[in-house]
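# Observations on chain architecture
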Amino acid sequence: MIITIDGPAAAGKGTLAQKLADKYNLAYFDTGMVYRAVGIDLVSNGIAPDNVAEAEKSAQNMTFSKMLELAQNPDFRSSVGGQAASKVAAMPKVREALLKMQQDFAKKPIAKDGSLIAGVVYDGRDTGTTVCPQAEVKLFVTASPEVRAMRRHKEYLQKGLPSVYEEVLAQTKERDLRDSSRAASPLKPADDAIIIDTSDMGIDEVFAKVCRIVDERL
Ligand code: C5P
């Protein structure tokens, strides 16, 4: 079974995806990591993330293990990583180069303990439209920019990272605009996606709702 969860940053996709993966014994692929890996690869080498030629080169040489290595960089999950990722993600050839790696994961999904399992939860922006249009369950999880920025802001503070809410909100809106206005695979729900607005919902409520949807499909 393949479940795709797309939506804007900090809508609650990651937590939901992990809970679903645990409950239904599925592997989990956070596809934002492939773009963060290219972004951090550039930034950590002193290259601007809007350098198209360098971003394309990095994407063409990206592998799953290199991505996991780059994920150890302290900036990988920070706003630096997020902004760099959304810049390289707007480049069509970067997306093209990183697509196969994401699609191949569903052919041989690996569980946390290294064993093979028969399914994947994908989380990203275009996983239901481009990466896995054949998915059995497609969700589009969203929330207002203010709610999402507040969640991200609290996350940064909890991790001990410096954060100013107004700046996180401005970055959230900037990233939304870049992700949804780009030419290649823009952020938008698949025609057959179920849209879930989590602005006024806690994770337990969202999880229960999605489990009902998945159980029906099963
Ligand atoms: O989800 P995350 O915040 O890690 O994603 C970082 C960036 O990667 C997003 O802002 C988006 O530009 C890009 N992305 C994408 N397609 C995906 C996943 C992420 O374009 N499937």
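As a reminder, the structure under discussion sits directly above these lines.
What counts, and where the lines are drawn
Residues numbered from 1 in each chain as written. Predicted model: local features only at pLDDT ≥ 70, side-chain atom pairs only at ≥ 80, totals over all residues. Heavy atoms only, no water. Helix = DSSP H or I, 4+ residues; strand = E, 2+ residues; numbered from the N terminus. Rg over C-alpha atoms; globule rule 2.2 N^0.38 Å. Buried < 20%, exposed > 50% of the residue type's maximum accessible area, 1.4 Å probe, protein only. Contact = heavy atoms within 4.5 Å. Areas by Shrake-Rupley, 256 points an atom, 1.4 Å probe, with all protein chains shown as cover. Lys, Arg positive; Asp, Glu negative; His and termini not counted. Charge placed at Lys NZ, Arg CZ, Asp CG, Glu CD. Near = heavy atom within 4 Å. Polar contact = N/O pair within 3.5 Å; in protein donor to acceptor, adjacent residues only side chain to side chain.

### Looking at the overall build of the chain
A count of helical and extended segments in the chain gives 10 helices and 5 strands. For 218 residues, the compact-globule formula gives about 17 Å, and the C-alpha radius of gyration of the chain, at 16 Å, lands near that figure. Its C-alpha atoms put the chain at 50 × 40 × 35 Å along the principal axes. Expressed as a percentage of the 218 residues in the chain, the buried residues total 50%. A separation of at least 24 residues holds for 77% of the contacts in the chain among residues at least 6 apart in sequence. Of the accessible surface of the chain, which amounts to about 10,500 Å², a share of 53% is contributed by carbon and sulfur atoms. If you average the places of the 29 positive and of the 30 negative side-chain charges in the chain, the two averages end up 1 Å apart.

### A short note on the site of the ligand
Near the ligand there are 14 residues, and of these R36, R95, D126, R175 and D179 occur at the shortest range. R125 places a main-chain nitrogen or oxygen 3.0 Å from a nitrogen atom of the ligand. Within the side chain of R182, one N or O atom sits 2.9 Å away from an oxygen atom of the ligand. Protein contact buries 97% of the 460 Å² of open area that the ligand shows by itself. Sorting the residues of the shell around the ligand by element identifies α2 (32-43), α5 (79-88) and α9 (165-181) as the ones contributing at least two each.

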